[in-house]
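Below, each chain spelled out in residue letters.
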Amino acid sequence: MASTTAINKIEKLRKQLNYHNYRYYVLAQPDTSDGQYDELMQELHQLEADNPELVTADSPTQRVGAEPLPGFSQVEHPVAMISLANAFNDEEFMAWHKRVSNLLERNQFDMVCELKYDGLAVALTYQDGFFVQGATRGNGLVGEDVTQNLRTIKSIPLRLLSADVPSRLEVRGEVYFPKSEFLKFNDERVARGEEPYANPRNTAAGSLRQLDPRMTASRPLDIFIYSLGYVEGDGLPETHAKSLDYFKDLGFKVSEGFRVVQTPEEAIDFYKSWVESVKDIDVAADGVVIKIDDLEFQRHLGIVGREPRWAIAYKFPAVQSVTQLLDIAVNVGRTGSINPYAILEPVVIGGATVQRATLHNEEYIRAKDLRVGDWIVVERAGEVIPQIVSVITSSRTGNEKPFEFPTECPSCGEAVVNPEDEAAAFCVNASCPEQLVRLLEHFVSRNSMDIDGMGGKWGGILIQHGLIKDVADLYFLKKESLLEIERMGEKSADNMIAAIAASKSRPLARLLASLGIRHVGSEVGELLARYFTSMDNLMAATEKSLTAIPNIGPRIAESLMGYFANQSNRAVIEKLREAGVRVKDEPREGPAEQPLIGLRFVVTGRLEQFSRSQIEGRIKELGGAVSGSVSKRTNYLVAGADAGSKLADAQSLDVKVLSEEEFLALADSTQAI
Ligand code: IVH
């Protein structure tokens, strides 16, 4: 039994943490230090660990509590999620205003102007003030239940701030990936030899549809709330502007820059004030939404088809420009990927000068038939990364030169390799200098082994001096050899050696993500460390045991197998181990207690010892995942009597079928992976 003191203390801590969270993530005005926040959180964790019966879903400790899902279930929207009609110029906007005036039979009415964010729409439902369900828009009528993932977004309150709230309240908003974070995220992907995402919107959508909420939690998603959905209760605002204030009072983040206007000219002024400056804010926006303020007028105007008459999106002009492709150059990434990029005649697009554009790989250049000297259309997609949209072939003179993709690495001269099923080409020379410089930069960086003071030019200098031939050499650096480097003083050398030594105890997940294994970044590193707990276990893994882990597919498995099959990579690992770098974690949720971790099950037919929900509960308890239908990714079908079409599916897909007894034997074994 928990004491009253514990109950009160827990409630107080939750209130404090929710308040600090709101100040930090919603208002961006923290009034406490990170350290103090962490202390409160730590205290709450401890109290909840001592009193597990007091843990509630809205506790700030529970944002990322859920296990991976086998799939998303569907959610029917009580009120359809509609879209917006567009205007592309002042005339179209004025025509909308005139139509509305006619329908309302008045010339004077307030409108609210706000930015149109470029993310994805979601609906958040609160029951008695608690966040109970979050869904994507889907087709407008039925979306997907992404509650667990939305819970990880810190600016979504798990409990509404105000005490007096409708019994059921649904608000709608746009989830987005901040632009600055998107750039970092894509840099990371490219450095790992992966395709970059096209824009922040797709990345936000992909992040929200991760089956493992821990993955979503690692992505810096955010949300703006812009409208009310379904509500049960009264005392609600009567205008849209008041709704926005109301959302703010409930603890949501709303667009700060909205403006109430009376005339269409003022709305156009608002639009014009953003055309140029929208690139300076950290959220991608593709226009301005103008809404009739009075909600009664909105109801009167209604909806035609899937678009409301009471609002319009006035879109910003596309950010495209024409320029010349001066040359195509290549660099070498940390995984050895040979990355071509375009050198452009500098051109100003939407206020920023563009002189480089990524070309991804050889196939991309070929598909667009890009030739050096071509005139091309360049676009800043999602206002961030310049992309080549098309070639203006009518401007060709005949002097344009097709690009010959290098057959030798531009850094070390070794032959370039084109793996089957991969768009990228690679330099596979483990001691290629440029690759090593990039890998070292990555290895020491803050999100990797976090070696203080080793960033910048140091990697290149150590390589040039022959002190480093692979990342493990870092751990064998001697002070005397460092002192031979020009401008390296006693103190700097001591600091460098101390910082390197301090990195030896980083968790296994970080080490894995630091090695520059293709497709293995911090998320995959985290998964691998969680499931295998040691480098030795991971090195002994088979393709089957790797792909049994949710979110690890054949591509990652193949990359890992290939990495560990390479002698020089194994030598690096041995050297790291010898240097005392941590290659093993304490088991967190040990495979011994969760023998089914990473395995997917389908259950069918009548069982003897279990009811359907009992066996499903047992599978989940033991770390497995349960889904409703058999697919290629199913590991086992547990079949009882009178099994029907699922048994046939399993047989045709070569999925192993278990009887109830066989399932029990498997559940008992500790060697399931
Ligand atoms: S109001 C019917 N306001 O744009 C009104 N939508 O093209 C519903 N969007 O599905 C939307 N920013 O995902 C509204 N300030 C804003 C918005 C916004 C972005 C999105 C939303 C909607 C789409 C319509």
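The structure displayed is predicted, hence computed values, not measured ones.

A. Main features of the pairing of strand β4 (residues 120-127). With seven of eight residues buried, β4 lies mostly within the body of the structure. Bridge count for β4 against strand β7 (residues 168-176) is eight bridges, and the pairing is antiparallel. Each bridged residue has a counterpart across the sheet, and for Leu 124 the counterpart in β7 is Val 171. Linking β4 to strand β5 (residues 130-136), which pair antiparallel, is a turn of two residues; within it Asp 128 sits at a positive phi near 50°.

B. Highlighting the site of the ligand. Inspection of the region around the ligand gives 14 residues, with Glu 114, Tyr 117, Glu 174, Tyr 226 and Lys 291 positioned closest. In this structure, a nitrogen atom belonging to the ligand sits 3.0 Å away from a main-chain N or O atom of Leu 115. Within the side chain of Glu 174, one N or O atom sits 2.4 Å away from an oxygen atom of the ligand. For the ligand, whose free accessible area comes to 520 Å², the fraction covered by protein is 90%. Put simply, the parts of the chain that give the shell around the ligand at least two residues each are β3 (111-117) and β10 (285-292). The biggest single contributor to the shell around the ligand is β3, with four residues. For the shell around the ligand, the per-class residue count stands at nine nonpolar, one polar and four charged.

C. Local environment of the state of the cysteines. Under the defined criterion, the tally for this structure stands at zero disulfides. In this structure Cys 409 is not part of a disulfide, and its nearest cysteine sulfur, from Cys 412, lies 3.8 Å away.

D. Structural view of the packing of aromatic side chains. One pass over the full model with this rule turns up 17 aromatic pairs. Here the aromatic rings of Phe 93 and Tyr 314 are separated by 6.0 Å at their centres, their planes lie at 10°, and the arrangement is stacked. One end of the pair, Phe 93, is in helix α3 (residues 90-104); the other, Tyr 314, is in strand β13 (residues 311-315), with 221 residues separating them in the sequence. Tyr 314 gets classed as buried once you look at its relative accessible area, which sits at 3%. Among the aromatic side chains, those forming a connected cluster through ring pairs are Phe 93, Trp 96, Tyr 271, Tyr 314 and Phe 316.

E. Broad picture of α3. When the terminal C-alpha atoms of α3 are compared, their 21 Å separation across 15 residues agrees well with the 21 Å that a helix rising 1.5 Å per residue should span. By the burial criterion, the buried members of α3 are Phe 93, Trp 96, His 97, Val 100, Ser 101 and Leu 104. Projected down its long axis, α3 carries its buried residues within an arc of 135°, all on one side. Counted as exposed and oriented over 90 degrees from the buried face of α3: Glu 91, Lys 98 and Asn 102.

F. Structural context of the sheet that holds β10. The mixed open sheet is built from five strands, whose spatial order is β2-β13-β10-β3-β9. Each edge of the sheet is formed by a strand with only one pairing partner; in this case those strands are β2 (86-87) and β9 (259-261). Across seven bridges, the pairing between β3 and β10 is antiparallel. By the bridge assignment, Met 111 is partnered in β10 with Ile 292.

G. Examining the nonpolar core more closely. Core analysis: the biggest nonpolar cluster contains 57 residues, and Phe 443, Ile 451, Leu 474, Tyr 475, Leu 528 and Met 535 have the highest contact counts within it. For this core, the secondary structure elements donating two or more residues are α12 (433-444), α13 (458-464), α15 (490-502), α16 (508-514), α17 (522-532), α18 (535-539), α20 (554-565) and α21 (567-578). In this structure Tyr 475 touches Phe 443, Met 449, Ile 451, Ile 500, Ser 503, Lys 504, Leu 576, Ala 579 and Val 581, once residues within four positions along its chain are discounted. Grouped together as the second largest cluster of nonpolar side chains are 34 residues, Val 112, Val 175, Leu 208 and Ile 225 included.

H. Focus on the sheet that holds strand β26 (residues 656-658). With parallel pairing, four strands are arranged side by side in an open sheet as β24-β23-β25-β26. Each having just a single partner strand, β24 (625-626) and β26 make up the two edges of the open sheet. In this sheet, β26 lies alongside strand β25 (residues 636-639) in parallel orientation, the contact comprising three bridges. Residue Leu 637 lies in a different strand from β26, and its bridge partner there is Val 657. The strands touched by helix α22 (residues 612-621) are β23 (600-604), β24 and β25; relative to β23, the strand with the most contacts, the crossing angle is about 170°. Relative to the sheet, helix α24 (residues 660-668) contacts β23, β25 and β26, its axis offset from that of β26 by approximately 100°.

Parameters at a glance
Residues numbered from 1 in each chain as written. Predicted model: local features only at pLDDT ≥ 70, side-chain atom pairs only at ≥ 80, totals over all residues. Heavy atoms only, no water. Buried < 20%, exposed > 50% of the residue type's maximum accessible area, 1.4 Å probe, protein only. Helix = DSSP H or I, 4+ residues; strand = E, 2+ residues; numbered from the N terminus. Pairing = 2+ DSSP bridges. Near = heavy atom within 4 Å. Polar contact = N/O pair within 3.5 Å; in protein donor to acceptor, adjacent residues only side chain to side chain. Areas by Shrake-Rupley, 256 points an atom, 1.4 Å probe, with all protein chains shown as cover. Nonpolar A, V, L, I, M, F, W, Y, C, P; charged D, E, K, R; others polar. Disulfide = S-S within 2.5 Å. Phe/Tyr/Trp six-rings, centres within 6.5 Å; stacked < 30°, edge-to-face > 60°. Expected span 1.5 Å × (residues − 1). Arc of directions from axis to C-beta. Core = buried A, V, L, I, M, F, W, Y, C linked by side-chain atoms within 4.5 Å. Contact = heavy atoms within 4.5 Å. Axes fitted to C-alpha atoms, helices over the stretch in contact; angles between N-to-C directions.

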